[in-house]
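Chain by chain, the residues run as shown.
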Amino acid sequence: PVEGNTVPINFWANSRNGPRQISRKLIVPKWNEIDLNYTQPVRETLSEIMSWRTDPKGTGQLMLWHGLPGSAKTWAIRALASEWRHWCSFSYITDPDALFGSGSYLLSILLEGEGEDDTENWRLLILEDTGEILSADARLHTGQGLSRLLNTVDGMLGQGLRILVLITTNEEIG
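Note that the structure is predicted; figures quoted are calculated from it, not measured.

### A word on the overall build of the chain
Looking only at helices and strands, one finds 7 helices and 6 strands in the chain. Written out in order from the N terminus, the α and β elements of the chain read β-β-α-α-β-α-β-α-α-β-α-α-β. Of all 174 residues assigned to the chain, the portion counted as buried reaches 41%. Sequence-distant contacts, at least 24 apart, represent 71% of the contacts inside the chain between residues at least 6 apart. Looking at the chain as shown, the accessible area adds up to about 10,100 Å², and 51% of this sits on carbon and sulfur atoms.

### With respect to unusual backbone geometry
Positive phi, close to 75 degrees, is recorded for Ala-72, a residue that is not glycine. Summarising the element assignment, Ala-72 is placed in the loop between strand E3 (62–66) and helix H3 (73–84). Using a relative accessible area of 23% as the deciding quantity, one classes Ala-72 as partly exposed. Of note in the backbone geometry, Asp-129 takes a positive phi value of approximately 50 degrees without being a glycine. Mapped onto the elements, Asp-129 comes out in the loop between strand E5 (122–127) and helix H6 (138–142). In this structure Asp-129 comes out as partly exposed when scored by relative accessible area, which is 47%.

### Re the pattern of salt bridges
A complete count under the given rule lists 1 salt bridge for this structure. Between Glu-83 and Arg-53 there is a salt bridge, with the nearest N and O atoms lying 3.4 Å from each other. Of this pair, Glu-83 sits in helix H3 while Arg-53 sits in the loop between helix H2 (40–50) and E3, and the two are 30 residues apart along the sequence.

### Focus on the sheet that holds strand E6 (residues 163–169)
An order of E2-E1-E4-E5-E6-E3 is seen for the 6 strands of this open sheet, with the pairing classed as mixed. Every interior strand has two partners, whereas the edge strands, strand E2 (18–27) and E3, have only one. Pairwise comparison of adjacent strand axes, ignoring direction, gives a mean angle of 25 degrees for this sheet. Strand direction decides the pairing type here: strand E4 (residues 88–93) and E5, joined by 5 bridges, are parallel. From the neighbouring strand, Phe-90 faces E5, where its bridge partner is Leu-124.

### Overview of the nonpolar core
Of all hydrophobic cores here, the largest spans 28 residues; its most connected members are Trp-65, Leu-80, Trp-84, Phe-90 and Leu-124. Among the elements of the structure, strand E1 (6–15), helix H1 (31–34), H2, E3, H3, E4, E5 and E6 are those that each provide at least two residues to this core. In terms of residue count, the dominant contributor to this core is H3 (6 residues). Residues within four places of Phe-90 in sequence aside, it is in contact with Val-7, Pro-8, Ile-9, Asn-10, Leu-80, Ala-81, Trp-84, Arg-85, Leu-124 and Ile-126. Among the nonpolar cores identified, the runner-up in size contains 16 residues, and Leu-99, Phe-100, Leu-125 and Ile-167 belong to it.

### Notes on a nonpolar patch on the surface
A cluster of nonpolar side chains, namely Leu-107, Leu-111 and Leu-157, defines an oily patch on the protein surface of about 230 Å² accessible area. If you trace the backbone, Leu-157 turns up in the loop between helix H7 (145–154) and E6. For Leu-157, a relative accessible area of 30% puts it in the partly exposed group.

Each value, and the rule that gives it
Residues numbered from 1 in each chain as written. Predicted model: local features only at pLDDT ≥ 70, side-chain atom pairs only at ≥ 80, totals over all residues. Heavy atoms only, no water. Helix = DSSP H or I, 4+ residues; strand = E, 2+ residues; numbered from the N terminus. Buried < 20%, exposed > 50% of the residue type's maximum accessible area, 1.4 Å probe, protein only. Contact = heavy atoms within 4.5 Å. Areas by Shrake-Rupley, 256 points an atom, 1.4 Å probe, with all protein chains shown as cover. Salt bridge = Lys/Arg side-chain N within 4 Å of Asp/Glu carboxyl O. Pairing = 2+ DSSP bridges. Axes fitted to C-alpha atoms, helices over the stretch in contact; angles between N-to-C directions. Core = buried A, V, L, I, M, F, W, Y, C linked by side-chain atoms within 4.5 Å. Patch = residues over 30% accessible without salt bridge, like charges linked within 9 Å, V, L, I, M, F, W, Y side chains within 5 Å.

Right, dumping it as structure tokens:
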């Protein structure tokens, strides 16, 4: 059971009229309330990530979390939101294939909030169950999605933005 620890999460979808955002406050656990649900190697790695108290200085901007269905990746994301809420905001992309399939949608998400006074905060884009954009034959199925993802986290598109991308997947890694 989780008590009243809430974090605002922005949910994004592309509509006929352009990107649409809905913000909800979700109940989230603290990491120390759920960490024993994970194996020791996973717990140690996630504990290190959860402990970041400011931006991820030089650690890269893409995280890939892989696990079998039901291995509590979503609970770990919720705990991450709890632990990082003081320096990061959270955007859950409901349609990642559309995000990386449309340059205008991607730019809207990436530049959302740019120019406001709150330039110190990072944003985490959460893409659950999106391993298909990373597959060897991704270009055949999802077009330029992988290229746009890489440009977002390590190319000119994401240069100077405080954007982190978290992808979870159940797909085979290979």
